[in-house]
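For reference, the chains in residue letters:
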Amino acid sequence: MSAADIHNLSLLGAAGAGKTTLIEAVAHHFGAIERRGRIEDGTTLCDFQTDEKEKKHSLGAAVVHLETSAGKLNVIDTPGYPDFVADALTSMGAAGCAVLVVPARHGGGVPFHAVDLWRRASNLGLARAVVVTKLDGDNLDLDEVIEDVRSTLGARVVPFTLANGTGKAFTAVEIEEKTGSPWRSQLVDAIVEADAAL
């Protein structure tokens, strides 16, 4: 395995965004675990320290190593509370991509701490992506959630994959590039704007 086959992702976001739960889902998807752990039960891969299990949130960064068809994926779970921002910042130094995890909230927008981490990742020249979590919640409007994220983080944030609904209607995630989505042209424009050689 060469260095080109190793991919490091830093999951960033405010407390309660769903970073640790997302890592459980990704680890399960790639077959690293048979069953997803739960924060409430103290059984997650990343929150293994006694204090983290008691407080039910991350206190330090943790890495989960996954084998994928594209190589090795190292996913770094970072604490969301601003008091522990040092681990989030240092994780970016090891990452090739910063993934901002934002919870879908009715009228909630993107938390300030998450916006600050997004800007810091940009200043470091990292590739960036956004994952919106908690779309299975009630009283959510998907278009409103997307608009909140885009108005806060910038118009270059364009859905590549998109939930097919919210609440009980959320049953699948679709790849926008393949579905003939109206987002496709904006996605192409954003890619060309970022790197005209593509």
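Just above sits the structure.
In this text, all values refer to a predicted model and were calculated from it rather than measured experimentally. (Residues numbered from 1 in each chain as written. Predicted model: local features only at pLDDT ≥ 70, side-chain atom pairs only at ≥ 80, totals over all residues. Heavy atoms only, no water.)

Regarding the packing of helix 3 (residues 85–94) against helix 4 (residues 112–123)
Then comes step 1: At a minimum axis distance of 10 Å, the contact between helix 3 and helix 4 shows a crossing angle of 25°. The orientation of helix 3 with respect to helix 4, classified from their angle, is roughly parallel. Classified by chirality, the crossing of helix 4 by helix 3 is right-handed. Of the residues in helix 4, those touching helix 3 at Val-85, Ala-88, Leu-89 and Met-92 are His-113, Leu-117, Arg-120 and Ala-121.
Then comes step 2: The residue makeup of the contact of helix 3 with helix 4, split by class, is 6 nonpolar, 1 polar and 1 charged. (Axes fitted to C-alpha atoms, helices over the stretch in contact; angles between N-to-C directions. Helix = DSSP H or I, 4+ residues; strand = E, 2+ residues; numbered from the N terminus. Parallel < 35°, antiparallel > 145°, perpendicular 65-115°, else oblique. Left-handed = near helix turned anticlockwise from the far one by under 90°. Contact = heavy atoms within 4.5 Å. Nonpolar A, V, L, I, M, F, W, Y, C, P; charged D, E, K, R; others polar.)

Things to note about helix 1 (residues 19–29)
Then comes step 1: Residues of helix 1 that are buried: Lys-19, Thr-20, Ile-23, Glu-24 and Ala-27. For helix 1, the arc enclosing every buried residue in end-on projection is 145°, short of the 170-degree limit, so these residues lie on one face.
Then comes step 2: Contacts made by the buried residues of helix 1 are with strand 1 (6–12), strand 2 (62–68), strand 3 (71–77) and strand 4 (97–103).
Then comes step 3: A positive phi of about 80° marks Gly-31, the residue just after helix 1. (Buried < 20%, exposed > 50% of the residue type's maximum accessible area, 1.4 Å probe, protein only. Arc of directions from axis to C-beta.)

Focus: the pattern of salt bridges
Then comes step 1: One pass over the structure, following the stated rule, counts 4 salt bridges.
Then comes step 2: Between Glu-40 and Arg-38 there is a salt bridge, and its shortest N-O distance comes to 3.8 Å.
Then comes step 3: The partly exposed category is assigned to Arg-38, whose relative accessible area is 43%.
Then comes step 4: Of the charged contacts in the structure, one is a salt bridge between Asp-41 and Arg-38, with a shortest N-O distance of 2.9 Å.
Then comes step 5: The partly exposed category is assigned to Asp-41, whose relative accessible area is 47%.
Then comes step 6: One continuous salt-bridge network, built from bridges that share partners, spans Arg-38, Glu-40 and Asp-41. (Salt bridge = Lys/Arg side-chain N within 4 Å of Asp/Glu carboxyl O.)

As for the environment of Leu-117
Then comes step 1: Mapped onto the elements, Leu-117 comes out in helix 4.
Then comes step 2: Taking the C-alpha atoms as reference points, Leu-117 and Val-85, separated by 32 residues in sequence, lie 8.9 Å from one another.
Then comes step 3: Excluding anything up to four places from it in sequence, Leu-117 contacts Leu-12, Gly-13, Val-85, Ala-88, Leu-89 and Met-92.

Regarding the sheet that holds strand 5 (residues 127–133)
Then comes step 1: Judged by pairing direction, the sheet is mixed, and its 5 strands sit side by side in the order 2-3-1-4-5 without closing on themselves. Lying at the two open borders of the sheet, with one neighbouring strand each, are strand 2 and strand 5. This sheet shows a mean twist of 25° between the axes of neighbouring strands, independent of strand direction.
Then comes step 2: Alignment of strand 2 against strand 3, held across 7 bridges, turns out to be antiparallel. Bridge assignment links Val-63 to a residue of strand 3, and that residue is Ile-76. (Pairing = 2+ DSSP bridges.)

A few points about the pairing of strand 4
Then comes step 1: Burial analysis of strand 4 places 7 of its 7 residues in the buried class, which makes it a mostly covered element.
Then comes step 2: Along strand 4, one buried face is formed by Cys-97, Val-99, Val-101 and Pro-103 and the opposite face, lined by Ala-98, Leu-100 and Val-102, is buried too.
Then comes step 3: Here strand 1 runs beside strand 4; their pairing, made up of 4 bridges, is parallel. Looking at the pairing, Leu-11 lines up with Val-99 of strand 4.

Focus: the nonpolar core
Then comes step 1: Leu-12, Met-92, Leu-100, Val-110, Val-149 and Leu-153 are the most contacted members of the largest nonpolar core, which totals 16 residues.
Then comes step 2: Contributions of two or more residues to this core are made by helix 3, strand 4, helix 4 and helix 5 (142–153).
Then comes step 3: Broken down by element, this core gets its largest block of residues, 5 residues, from helix 4.
Then comes step 4: Non-local contacts of Leu-153, meaning those with residues more than four positions away in its chain, are made with Leu-100, Val-115, Trp-118 and Val-130.
Then comes step 5: Of all hydrophobic cores here, the second largest spans 14 residues; its members include Cys-46, Ala-62, Leu-73 and Val-99. (Core = buried A, V, L, I, M, F, W, Y, C linked by side-chain atoms within 4.5 Å.)

Digging into the environment of Ala-155
Then comes step 1: Considering the arrangement of structural elements, one finds Ala-155 in the loop between helix 5 and strand 6 (161–163).
Then comes step 2: The exposed category is assigned to Ala-155, whose relative accessible area is 56%.
Then comes step 3: Along the backbone, Ala-155 and Gln-186 are 31 residues apart, and their C-alpha atoms lie at a distance of 9.1 Å.

These figures capture arrangement, not role.
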